[in-house]
Amino acid sequence: MNGLIKGIHKVEIAVKWDPSPAGQPPTDLDIVAATYHAGAPYGDPAYVVHFDSRSPDGTIHLNRDSKDGKGFGWDEVLTVEFDRMDKRYARVVVGVVIQQRPGPRTFVSVIKPALRIREEYTDLATDDFGAVLGATAATVAEFVREDTGAWDFRPGVQGFEDDPVSFSRTMGSLRRA
């Protein structure tokens, strides 16, 4: 990529929440990223990055993973290095999914959830999932490679009512306005 082309280069997507009350099962949120080929930007993902995985080329990786929200600061942190991503990829969708154990959970049951998307020291977006309280998962960001080769950030939280496996297959569908 040409250094003169502006656009998104490297972002950090972070999520935090407060632990469940004493005696209640832990709440576990996970950040998920799906990458799509230029020839099929809304088809099946080329690959999905989630806990215990990373992209084949190392451009997307989970830096921090929490199973209960008991960490200090941001509990889940995912880094995406767009300036290193192969040209065959044209779209990356990032989402947050609530693990559905021991039973069904939605964002309304998550205590003080927060989202931050940042490039270097600039916050690109923040959210509290208040618009998707009935959802079990949500897409939180879409990044699209423009014709110039630069990556563009498209913010917006969109709720889904899928289990974690189904969500990873449907999260890249065409976004609703």
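Located above this text is the structure these notes cover.
Residues numbered from 1 in each chain as written. Predicted model: local features only at pLDDT ≥ 70, side-chain atom pairs only at ≥ 80, totals over all residues. Heavy atoms only, no water.

A. Geometry of the overall build of the protein chain. Helix and strand counts for the protein chain stand at one helix and ten strands. Ordered by position from the N terminus, the helices and strands of the protein chain form the series β-β-β-β-β-β-β-β-β-β-α. Rg of the C-alpha trace for the protein chain: 16 Å, near the compact-globule value of 16 Å for 177 residues, within the 12% margin. Judged by the C-alpha coordinates and their principal axes, the protein chain covers about 55 × 30 × 30 Å. In the protein chain, which comprises 177 residues, the share counted as buried stands at 45%. Only carbon and sulfur atoms are counted for the fraction: they give 52% of the accessible area of the protein chain, which is about 8,900 Å². (Helix = DSSP H or I, 4+ residues; strand = E, 2+ residues; numbered from the N terminus. Rg over C-alpha atoms; globule rule 2.2 N^0.38 Å. Buried < 20%, exposed > 50% of the residue type's maximum accessible area, 1.4 Å probe, protein only. Areas by Shrake-Rupley, 256 points an atom, 1.4 Å probe, with all protein chains shown as cover.)

B. Fine view of the environment of Val93. Examined against the element boundaries, Val93 turns out to sit in strand 6 (residues 89-98). Overall, Val93 belongs to the buried group, its relative accessible area being 1%. With 61 residues separating them in the primary sequence, Val93 and Val32 have C-alpha atoms 8.3 Å apart. Beyond its immediate stretch of four places on either side in the chain, Val93 contacts Val32, Ala33, Ala34, Tyr36, Thr139, Ala141, Glu142, Met171 and Gly172. (Contact = heavy atoms within 4.5 Å.)

C. View of the packing of aromatic side chains. In total, this model carries six aromatic pairs according to the counting rule given. Each ring, one from Phe82 and one from Trp151, has its centre 4.7 Å from the other, and the planes form 40°; the classification is tilted. On the criterion of sequence distance, the pair formed by Phe82 in the loop between strand 5 (76-81) and strand 6 and Trp151 in strand 10 (residues 151-160) is long-range, its members being 69 residues apart. Classification of Phe82 by relative accessible area gives buried; the value is 0%. Grouped by ring-pair contacts, the aromatic residues Phe82, Phe143, Trp151 and Phe153 constitute a single cluster. The ring of Trp74 is capped by Lys16, whose NZ or CZ atom sits 4.6 Å from the centre of that ring. Sitting over the ring of Tyr36, Arg91 keeps its end group 5.2 Å from the ring centre. (Phe/Tyr/Trp six-rings, centres within 6.5 Å; stacked < 30°, edge-to-face > 60°. Lys NZ or Arg CZ within 6 Å of the ring centre and 35° of its normal.)

D. Highlighting the sheet that holds strand 6. As summarised here, the arrangement of the five strands in space is 3-2-6-9-10, forming an open sheet in which the pairing is antiparallel. Of all the strands in the sheet, the pair left with one neighbour each is strand 3 (47-49) and strand 10. Along the sheet, successive strands turn relative to each other by an average axial angle of 20°, direction set aside. With nine bridges joining them, strand 2 (residues 29-37) and strand 6 adopt antiparallel strand pairing. Paired with Thr35 across the strands is Val92, a residue of strand 6. (Pairing = 2+ DSSP bridges. Axes fitted to C-alpha atoms, helices over the stretch in contact; angles between N-to-C directions.)

E. Unusual backbone geometry, seen in detail. A cis amide bond links Arg101 to the next residue, Pro102, at an omega of 0°. Its identity as a non-glycine residue notwithstanding, Lys112 has a phi of 50°, on the positive side. The class for Lys112 is exposed, based on a relative accessible area of 63%. Positive phi is not limited to glycine here, since Phe129 has a value of about 65°.

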